[in-house]
Amino acid sequence: MASSTIKSKHLCRTFNFARSRISLALLAALSTTTLPAYTQEAEQANDDELVETIEVRGIRASMAENLAIKRMSNAIVDAITAEDIGKFPDKNVADSLQRVPGIVITRSGGEGSQVSIRGLSEGLTFTQLNGNYIASSPGAPSRSFNFALLPSTMVERVEVFKSSEARLDEGGVGGSIIVHSRKPFNLDANSGSVNVEYTYADVTEDYEPSFSGVYSWKNDDEDIGFLVGYTRQERTNRSLTGDAADGGGIRFATDADSDPDLGVAPAFDVNGNIIPDSTRRFGALKDANGNVYDGVWLPQVVGAQVFKEERIREGTQATIQYAPLDDLTFTFNYFHFSLSQDHTNSRFSMPEWKNSPDFVNNVMTDDSGTIVTGIDYTTGASGTEGNLEFPWISGGYVREKDTSDTFDLEMEYVADDYSLRVNVGHTKAEGGPSESWNAAYKSGEPASRSENGMLRNAANYAGWRLDNQVSLYADPLLLENLQAGIGGDPDPGSTYSSFAISDIEEDYAQIDVDYSVNWGPISQIRVGAKYRESELHREVNNTFFLTPEGVELIASGQLDPKDGPMEDYMYQWIGGMPNFADVLNDQGEQNITGGFNINVMPTINWDKYRDIVTDNYQEYTRRQLELAYDISEEIQAAYLQADYEYGDMRGNIGVRYVETTTTVASTDRIVLLLDDIDDEVYAQTQDVNVSTTSGDQRALDFETLIERDVVNKQWLPSFNFAWDISDNLILRASAAKTMSRPGLGDLGGQESLTYVSEEYAEDRATIRFNPVDVGWSGSGGNKALEPYESIQTDLSLEYYYGEGSGMGIALFNKEVDNFIVPLIITSVRPTEGYTNPSTGDTIVPAGNITVSPFNSVANGSDATSRGIELYVQHNFESGYGFNANYTINDTNQADVSIDGTKVGESALIGSADNQFNLSAYYENDLFSVRASYNRRGKRSLSLHDGLTVYGLPYEQIDVNASYNITESLIFSASVINLTKEESFSQYGDDTDARLRSSNYTGRRIYAGVTYRF
C-alpha cells in the first residue's frame, strides 16, 4: 500500500483519509508549499489504494486539522482536536468548545461543565463518548453530560454536529457532540505522556496538585495494542454569590383591589404595562416615617452565600484493540470516573420578616419608583426596640461522591465493498450525598428565650442594596456580640435535612452496515439499528441526629421513622442545637473578592458544629422510599441513509425511525401542617422545645403512587448538501427534523403540596418569630411533558485559503415545539377535601384550592430560534494567527401551558442572543502563547411569576502558554478568567434594576510540566 507523508513545520498528529478531490483540497489547505510534491507522487500511485498521512503538531496545526474536518464533512460539523498526547487546547474540553461558533458553556466552580449549541439549553445538547451515552450526574440525574467528569487527557478529538444525519443517535435538538477517546492503533508504540500541575485560585488562596498520564503500546505487526490512562485532580472551588432569588424570589407589593379578570391586583412593569401572568403579591411596603410604597417590586429575601467545595476528580481509561485479521478489529473500552464533592454553604440573609414600620426606616427605589433597590432596618425604627432577628445565619454541610462506569465492546469488519460495525455496552452512574443537613440561627433573641429574660439583638441595624452588585451591611458589632453570647437564637424550623441519591444505568447494542455502491449519484448506503434500555431510580434521604434512645427504638421497631414522632428524638427539637457562640468561626468570612459586598459576615464552623452534635447524638439516615421516583425507557431505532456524490456536489439523505417507551412512577405527597406549638404547655413552661407538637397533632401526610406509560414514535428525516463550487469555496444546505427527550428530573419529580393552617402560622409568627404564609404551596415535575421537536434548516458558505485558513457565514432556523420551561406560578386546582382521620374534623373543605407559589415545568409551543454565524480563521507565516467567530440568535416569546391552560410566555430557555469568541496566538519551535476572549450575550433562564429571568452578558479572557524545555519536556502555564469577571442575572428585560444575583468563582492560575515519550 502506497502512502504519502506531508510534514509541516511542527510535527506530531497523524491521520488518514481516502483519496478524493476533497482530500486534495485539504492538503492544499494544510500545506500549500508541499502540494506539488504530493501531486507528483499521487500521479505515480494507485488511486484505489493511496492513503495520505499527515503529521502535524502545535496550535497552528491543530487549528488546521479542526478546519480540515469541518471542510471534508458532508454535514455541518465543527471539531476540536488534541495538539498532541496529553495536551488539549484548554484545561477542560468544554472550555475548548466555547470557541466553536454558536457554542455557550455553563461553568461550575469556574470550570466548563455543560455545553449548549446555537442558543438552546444545555439539556438539548446530546453528548456521547465514542457514539454512546455516558451515565453521569447521579445526584441530580440529567441527560446532559457533565464535562467536569471527563479528563481531557483521554480525548483525541471532539466533533460538534450542528446538522443532523440519520445515522446519528437522536436526542439533540440543539446539536450533538461526539467525544472520541484515544486508541492504541492510532498512536505510536510505547508512546504517552505524564503531566504534573499545580493550580492557584484567588478565591481560595490554595495551591493544589493534579496528575495525568497516558501510555499506549502496540506490537510490531500492529494487530494487538493497549492504552491506559489515569488522572487525578484535587481542587477547592469557592463561589461567592449575592442574590435576591431565595425564598419566593421577587413579588409585586400592592394594596390595590383585585382585578376581576386576573383574580389579583394587577402587576406592572416599569413602563406601566400590565404583566398578565403575574399572580403573587406582597402588601404595600410601609416605613417608620409614614411613607407607603405601593406598586413596587420587592424581593422576599436578600442574602449572600459562600459555597466551598473540596473536589477530587479521578478518571481511568483502559482500551484494548485486537486485529486477528487485516479486515477485522475488536476494541474494548473501560472508563471509570469518580467525583467527590464535599462542600459547605454559608449564608447571610435578610428575609421579609421585618418589612414593617416597626423596623424599616429607609427605602430606596430605582428611577421609575417601581422597584425597591434597598432597605435600611433598625431595631427601634418605631421608637420601641423590637427583635430584628436578622441577619439570619444559615447554611449546610454535604458529603458526596458520584461514580460512573462504562464497558464497551466494538467489532469492526471492513471488506472491499462494505463495512460492518457491531457495538454493545453498559454504562452506570450512582451516587449523591451520603450526609447532608442544614442549620440556622437568628441574630436576635426574644426575651422568652434569653438567659436574662430580656430581648437581645446582636445587630441593632442592618440593610441591603441591589445596584450593580448585591451589597449587605450589618452592625459592625454583630460578630463580637454573637461571640459574647448576645443573640444567636437557634432556628430549629430551618435546621433540617433532605437530599437525593440516585443510580442510572443503560444497556445498548448497535449494528451499522455501510455498502459502497455505484448507483448513479449514490455512492454509499448506510443502514443500522440500535437498542437502548435504561433504568433510573431516585430517592430522597434525610440525615438525622437522634438521641441514643431514638436510634434504639427505630432498631427495635417501636419507632416508625416515617410516621412516628421523630421530633421527640431529633436534636434540634429538644434543645440540642449548640450554643451559637460555640460554633462561630473566630473571624467573619474573609477574602470576599467578588460576588457581593459586605462589611461583616459571621459564619458557622461546620466541622465544629458537627463534632458537638455527634458527641451527644447519633447519626441516622432515613430513606424516604415514598419520596422516590423510577423511570424506565426502552428505545428502538433504525435508519437508512444514502450518501451521494455528483460532480462537485455531495451529501446525504436519510430517515431515522425511533420508538421510545417511557414508564414513570412517583409518589405524590400532600402535607398538612396543623399546629406548631401546644399552647397550653407553652403557657406553663414558656419553652418552645418542650411545647413543640409532634405526630398527627403537628402534621398529616397523604401519599399517592402515580404511574404513567407513554409511547412516542418519531420519523426523523434529514438532508445534507455540499457543493464544492471551487477548490476553495463550499456551499452547504441542510434540513432535518430532530427531537430531545424531556429531562429526567422534569418527568419524574414528585408533586409535593404543603398546607399551612392559621394555627400553625400564628405559632410560627408569634412564638418562633419566623412567620410563614397561610395556605398552599408546592412543587413538582410534570409527567405529561412531551419531547422537544424541531424542524431545522441551515445554509452556509465557506471559503478556504492558505495554510489552515478559512472564513464562512451560516444561516440557521429552528422551529421548536414542546420546549420546556421551569416556572413559578399560582395554580388553582380542585380537591376532594382533607379530614383529620383521628378526629374526623374537616381540615380543608372540598373545592378549588390555590397553590402559591407552585414550582414546576411546562411545555411551550411554536418557538423560533434563528440566527447567523460568522467565522474566520487565519494563520500567518510569521507564526501568528487568530480564530474569531460571532453568532447572533433571535428567539421569539412563545406560549407556555400546563394541562392545556396558558400560564405565561417565555423565550427558549437557555437561549443566548449573541456569542463572540476571539483567540489569537503566536508559536515557534520552542514557545507558544494563546489568548482567548469569549463573550456570551443575554440569555433566558426561567419564568418567574410572569417575568423571564435573564442571565446578563458575560465575558472572559483566558491565556495559555507553553515552552519546550527539550523536545520531550514542556512547561505550560495558564490563567483562567484573567480579568476576574462576574456573572449576573435579573428579572425581566424592561429594566436593568431588578437584579437577581451576582456571582464570582475566581481567577485560576495553572503551572506544570508535561513529559512526552
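Heads up: these notes are all about the structure in this document. Within every chain, residues take consecutive numbers counted from 1 along the sequence as written. In keeping with the model being predicted, local features are shown solely for residues with a pLDDT of at least 70 and side-chain atom pairs are shown and tallied solely at 80 or more, while totals for entire chains, interfaces and linings include all residues. To obtain the side-chain values, all non-hydrogen atoms of the structure were used and water was disregarded.

What about the overall build of the protein chain?
- Helix and strand assignments follow DSSP, with helices taken as H or I runs no shorter than four residues and strands as E runs no shorter than two, numbered in order from the N terminus. Helix and strand counts for the protein chain come out as 13 helices and 56 strands.
- Each principal axis of the C-alpha atoms in the protein chain carries an extent, and together these give about 105 × 65 × 60 Å.
- Per-residue accessibility, obtained with a 1.4 Å probe over protein chains only, is compared with the maximum for each type, and a residue is labelled buried under 20%, exposed over 50%, and partly exposed between these values. Put simply, the protein chain has 1013 residues, and 58% of those count as buried.
- Residues are treated as being in contact if the distance between any of their heavy atoms lies within 4.5 Å. Sequence separation of at least 24 residues holds for 74% of the intrachain contacts in the protein chain that already meet a minimum separation of 6.
- Accessible surface is estimated by sampling points in the Shrake-Rupley manner with a 1.4 Å probe; for residues, cover comes only from the protein chains shown. In the form shown here, the protein chain has an accessible surface area of approximately 39,100 Å², with 50% of it arising from carbon and sulfur atoms.
- His is not counted, nor are the chain ends; Lys and Arg add positive charge and Asp and Glu add negative charge. All charge positions are set by atom: Lys at NZ, Arg at CZ, Asp at CG, Glu at CD. Separation of charge centres in the protein chain, based on 77 positive and 150 negative side chains, amounts to 5 Å.

Re the sheet that holds strand S17 (residues 296-299)
- With mixed pairing, three strands are arranged side by side in an open sheet as S14-S13-S17. Edge positions in the open sheet fall to strand S14 (281-282) and S17, since each of these has one partner strand only.
- Strand pairing is assigned whenever DSSP identifies at least 2 bridges connecting the two strands. Direction of pairing for strand S13 (residues 250-253) relative to S14: parallel, over a ladder of two bridges. By the bridge assignment, Phe252 is partnered in S14 with Arg281.

Thoughts on the packing of aromatic side chains
- Two aromatic rings, drawn from Phe, Tyr or Trp (for Trp, its six-membered ring), form a pair once their centres lie within 6.5 Å of each other, and the interplanar angle then sorts them: stacked below 30 degrees, edge-to-face above 60, tilted otherwise. Summed over all chains, the structure comprises 33 aromatic pairs.
- Between Phe252 and Trp297, the aromatic rings sit 5.2 Å apart at their centres with planes inclined by 65°, giving edge-to-face as the arrangement. Remark: Trp297 occurs in strand S17 and Phe252 occurs in strand S13; sequence separation between them is 45 residues.
- Trp297 gets classed as buried once you look at its relative accessible area, which sits at 0%.
- With a centroid separation of 6.1 Å and 45° between ring planes, the pair formed by Trp776 and Tyr834 is classed as tilted. With Trp776 in strand S37 (residues 775-779) and Tyr834 in strand S41 (residues 834-835), this residue pair connects regions lying 58 residues apart in the sequence. By the burial criterion, Trp776 is buried, and Tyr834 matches it.

Some points on the sheet that holds strand S8 (residues 155-161)
- Reading across the sheet, the four strands line up as S4-S8-S9-S7 and stay open at both edges, with mixed pairing between neighbours. Edge positions in the sheet fall to strand S4 (77-81) and strand S7 (125-129), since each has one partner strand and no second. Geometrically, the sheet is characterised by an average inter-axis angle of 15° between neighbouring strands, direction not taken into account.
- Pairing geometry for S8 and strand S9 (residues 175-181), over six bridges, is antiparallel. Bridge pairing in S9 places Val160 opposite Ile177.
- Together, S4 and S8 form the strand contacts of helix H3 (residues 58-72), whose direction differs from that of S4 by roughly 150°. With axes taken as lines fitted to C-alpha atoms, and helix axes fitted only over the stretch in contact, angles between N-to-C directions fall between 0 and 180 degrees.

Comments concerning the side chain of Asp675
- Summarising the element assignment, Asp675 is placed in the loop between strand S33 (649-673) and helix H9 (679-685).
- The buried charged residue Asp675 lacks any salt bridge partner; its closest oppositely charged side chain belongs to Arg698, at an N-O distance of 7.4 Å.
- The residues contacting Asp675, other than those within four sequence positions of it, are Thr693, Gln697, Arg698, Ser757, Glu759, Tyr760 and Asp763. When a carboxyl oxygen of Asp or Glu is within 4 Å of a side-chain nitrogen of Lys or Arg, the pair counts as a salt bridge.

Points about the pairing of strand S50 (residues 939-944)
- Extensive coverage of S50 is indicated by the burial of five of its six residues.
- Relative to strand S51 (residues 947-951), S50 runs antiparallel, the two sharing five bridges. Bridge pairing links Leu943 to Thr948 in S51.

Section: the pattern of salt bridges
- All chains considered together, the criterion is met by 42 salt bridges.
- One salt bridge in this structure joins Glu389 and Lys354, with 3.0 Å as the shortest N-O distance. Taken together, the residues span a long stretch of sequence, with Glu389 in the loop between strand S21 (372-378) and strand S22 (392-414) and Lys354 in the loop between strand S19 (328-351) and strand S20 (360-365) at a distance of 35 residues.
- The exposure class assigned to Glu389 is buried, which follows from its relative accessible area of 2%.
- Residue Lys354 is classed as buried on the basis of its relative accessible area of 10%.
- A single network of salt bridges, built from pairs that share partners, joins Asp169, Glu170, Lys530, Arg656 and Arg741.

Some words on helix H8 (residues 606-616)
- Burial in H8 covers these residues: Trp606, Tyr609 and Val613. Taken down its axis, H8 places every buried residue within 60° of arc, on the same side.
- Buried residues belonging to H8 abut S19, S22, strand S23 (418-442), strand S30 (522-546) and helix H7 (580-583). This arc is built from the directions going out from the helix axis to the C-beta atoms.

What about the pairing of S13?
- Both faces of S13 are covered, namely the face carrying Ile250 and Phe252 and the face carrying Arg251 and Ala253.
- Here four bridges tie S13 to S17, and the two strands are oriented antiparallel to one another. Bridge pairing in S17 links Phe252 to Trp297.

Here we look at helix H13 (residues 758-766)
- If you check which residues of H13 are buried, you get Tyr760, Ala761, Asp763 and Arg764. Axial view of H13: buried residues confined to an arc of 160°, hence all on one face.
- Buried residues along H13 sit in contact with S33, H9, helix H11 (695-698) and strand S36 (752-756).

Everything listed here is a matter of geometry and, on its own, says nothing about what the molecule does.
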